[in-house]
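Structural overview for review
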Amino acid sequence: MHRRFRGPPTAFIVIAVAAIQVVGTVFAAARQPDHRPLDLLAAALLLMGPAALALRRRAPLVMLPVAVAATGTYLALGYAWGPVFLSLALAIVFAAAAGKRWQTWLAVGVCAGALLLASLRSGDEPSFIRAFAGTSWLVILVLIGEGARLRHERVAVRRRQHEAREQAARDEYRLTLARDIHDVVAHSLSMINVQAAVALHLGSSDPEKYRPALETIKVASKESLDEIRQLLGVLRDDAPLTPAAGPGLARLPELAENARRAGLEVQLDVNVSVQLPENVQQAVFRIVQEALTNVVRHAGAQRAAVVIESVGTPGTGSRGGSSPGSGEGAATLSVTIDDDGAGAAGAPEGNGVTGMRERAAGLGGTLELVPLLQGWRVRAVVPVTGRGASPAPAGEQSR
């Protein structure tokens, strides 16, 4: 994590200002013989202002009065003019930048009052001009500090917003990863469990049918291990935040075939006329996968029908066969999974159903579970947008 640049180090500022004030004032005093000569007290006052700047971050409310007192005492004692104002100017800027508004304006008011009093005692016109110029510069210094404070606050707000976006992206990614792991494990283990039960049942009656069941277990476990390795690989510190491309519509026939091996008669009908983005394809695959897994594990169904179809074409709006009410450049994708099983029977929703809802909601869509006369329906509807969309590859039809 890169450290944010906060300006030159405080020690460098203190040393630089002290050197400028002492050396500059020594040279200036040589041309002002009518002023009080420099002595140890003058040197102490010239160093006191820069030393106060060391408190610019820890105690700005102490820094400003010390700088004002050091500069005011130096001038009141009649020492030679010079860059003695540098530490005072920086103290005003630093205090305003630290957000000490009324304290800074109070100090500026005291300094302006001292300048006005000195001009009244002098009584000549040039002294009034110097007092006005000095007061103007004091106000300018405060405004410079206020500008630095506002800039710092804007940078801090942008940094917090950036960190919040990064944290939200990390949280969303971890949630997506958790859903993927759940779907992969639940689906594969369900297939393995069903086929293992079949193999055990056939062990005594028909040993010849062992082989297909064991081959199904082998394939399901291998696919599960491969996907889990891919998903867990992104948890490494050197892995990118964006996961690798997940399964899409092209693997739906394979998903249906796995369910058939578990004894479920699956009809798959894919009628998609638009090119679906990768994230939409992956979400559709996972929704169908989880729905079929639940049918195999819980529904006791004999048949299931998976229908995926798009309504409307991006870029055509209400023309070209889009549904009424569909907006310009938008299409809708419908995913429906029906079964003839026992349904949910009032059981609470588990992580799988929650994951399906989250996947649909993440695409701006909805997912609903509807009881049928015999069985259960899972239906997801998600919007699809795009330009220049081309027809998607044809999927498995009515098998």
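The structure presented is a predicted model; accordingly, all values stated were derived computationally and were not measured.

You can see S310 is positioned in strand 2 (residues 303-311). Here S310 falls in the buried class, since its relative accessible area comes to 14%. Look past the residues within four positions of S310 in its chain and what remains in contact with it is N271, V272, S273, V274, T332 and L333.

What follows concerns the nonpolar core. What tends to happen in soluble globular proteins is that the nonpolar side chains get buried as a cluster. The biggest cluster of nonpolar side chains holds 42 residues, and the ones touching the most others in it are L252, L264, V288, L292, I308, L333 and I337. With 11 residues, the top contributor of residues to this core is helix 9 (residues 278-299). Among residues more than four places away in sequence, those in contact with I337 are I287, V288, A291, L292, A305, V306, W376, R377 and V378. V17, A52, A91 and F94 belong to the second largest nonpolar core, which has 23 residues in total.

Relative to the helices and strands, A299 resides in helix 9. Sequence spacing of A299 and W376 is 77 residues, and the spatial spacing of their C-alpha atoms is 8.5 Å. Those residues in contact with A299 that lie beyond four places of it in its chain are N294, D339, G341 and A342.

It is worth spelling out helix 5 (residues 101-122) at this point. Under the 1.5 Å per step criterion, the end-to-end length of helix 5 is 32 Å for 22 residues, consistent within 8% with the ideal 32 Å. Those residues of helix 5 that fall on the buried side of the exposure criterion are T104, A107, V108, C111, A112 and S119. Axial view of helix 5: buried residues confined to an arc of 135°, hence all on one face. Facing away from the buried surface of helix 5 by more than 90 degrees, the exposed residues are W102, L117, L120 and R121. Following helix 5 by one or two positions, G123 adopts a phi angle in the positive range, close to 80°.

What follows concerns the pairing of strand 2. Side chains A304, V306, I308 and S310 project from strand 2 onto a buried face, and the interleaved R303, A305, V307, E309 and V311 project onto a face without burial. Two strands pair when backbone bridges link them, and strand 1 (residues 265-271) and strand 2 are joined in this way by 7 bridges, in the parallel orientation. Each residue of the ladder has a partner; that of Q267, found in strand 2, is A305.

For the rest of this paragraph, the subject is the packing of helix 1 (residues 10-29) against helix 4 (residues 85-97). Describing two packed helices takes the angle between their axes plus the distance from one axis to the other. Close contact between helix 1 and helix 4 brings their axes to 9 Å; oriented N to C, the two are set at 150°. On the side of helix 1, the interface is formed by I13, V17, I20 and Q21, while helix 4 contributes F85, L86, S87, L90 and F94. Along the lines of polarity and charge, the residues of the contact of helix 1 with helix 4 split into 7 nonpolar, 2 polar and no charged.

The next subject is the environment of L367. Structurally, L367 can be placed in strand 4 (residues 366-371). Of the residues examined, L367 reaches a relative accessible area of 8% and is grouped as buried. Note: C-alpha distance between L367 and V378 (11 residues apart in sequence) is 7.3 Å. The residues contacting L367, other than those within four sequence positions of it, are I287, M356, R357, A360, V378, R379 and A380.

Pairs can form between side chains of opposite charge whenever their charged atoms are close. In this structure the tally under the stated criterion is 8 salt bridges. We note a salt bridge from E153 to R149, for which the minimum N-O separation is 2.9 Å. Of the two residues, E153 and R149 both sit in helix 6 (residues 125-205), 4 residues apart, roughly one turn of that helix. With relative accessibility at 8%, the residue R149 sits in the buried group. A salt bridge links R377 to D338, with the nearest nitrogen and oxygen atoms 2.8 Å apart.

Following both chains from N to C, one finds helix 3 (residues 60-76) and helix 4 inclined at 155°, their axes separated by 9 Å at the closest point. Relative to helix 4, the element helix 3 lies roughly antiparallel. In the packing of helix 3 onto helix 4, the handedness of the crossing is left-handed. Each of M63, L64, A67, V68, T71 and L75 in helix 3 lies in contact with helix 4, whose residues at this interface are F85, S87, L88, A91, I92, F94 and A95. Taken together, the residues of the contact of helix 3 with helix 4 break down into 11 nonpolar, 2 polar and no charged.

Right, let's talk about the environment of G24 for a bit. Relative to the helices and strands, G24 resides in helix 1. Looking at G24, the relative accessible area reads 25%, which means it is partly exposed. Sequence spacing of G24 and V84 is 60 residues, and the spatial spacing of their C-alpha atoms is 8.4 Å. When neighbours within four sequence positions are excluded, G24 is seen to be in contact with A19 and P83.

Turning to a nonpolar patch on the surface, a few remarks are in order. On the surface, a cluster of nonpolar side chains totalling about 360 Å² of accessible area is made up of W102, L106 and V110. Relative to the helices and strands, V110 resides in helix 5.

Here we come to the confidence of the model for the protein. Averaged over all residues, the pLDDT of the protein equals 78, while 71% of them reach at least 70. Low confidence marks residues 315-328, where pLDDT is under 50. Its contacts with residues over four positions away, or in another chain, come to 15 contacts. Across residues 386-399 the pLDDT falls below 50, and counting only partners more than four positions away or on other chains, this stretch makes 35 contacts in the model.

Position of Q32 relative to the elements: it lies in the loop between helix 1 and helix 2 (40-52). Judged by relative accessible area, Q32 falls into the buried class, the value being 17%. Setting aside chain neighbours within four positions, we find Q32 in contact with A80 and W81.

Scoring rules and cut-offs
Residues numbered from 1 in each chain as written. Predicted model: local features only at pLDDT ≥ 70, side-chain atom pairs only at ≥ 80, totals over all residues. Heavy atoms only, no water. Helix = DSSP H or I, 4+ residues; strand = E, 2+ residues; numbered from the N terminus. Buried < 20%, exposed > 50% of the residue type's maximum accessible area, 1.4 Å probe, protein only. Contact = heavy atoms within 4.5 Å. Core = buried A, V, L, I, M, F, W, Y, C linked by side-chain atoms within 4.5 Å. Expected span 1.5 Å × (residues − 1). Arc of directions from axis to C-beta. Pairing = 2+ DSSP bridges. Axes fitted to C-alpha atoms, helices over the stretch in contact; angles between N-to-C directions. Nonpolar A, V, L, I, M, F, W, Y, C, P; charged D, E, K, R; others polar. Salt bridge = Lys/Arg side-chain N within 4 Å of Asp/Glu carboxyl O. Parallel < 35°, antiparallel > 145°, perpendicular 65-115°, else oblique. Left-handed = near helix turned anticlockwise from the far one by under 90°. Patch = residues over 30% accessible without salt bridge, like charges linked within 9 Å, V, L, I, M, F, W, Y side chains within 5 Å. Areas by Shrake-Rupley, 256 points an atom, 1.4 Å probe, with all protein chains shown as cover. pLDDT = per-residue confidence, 0-100.

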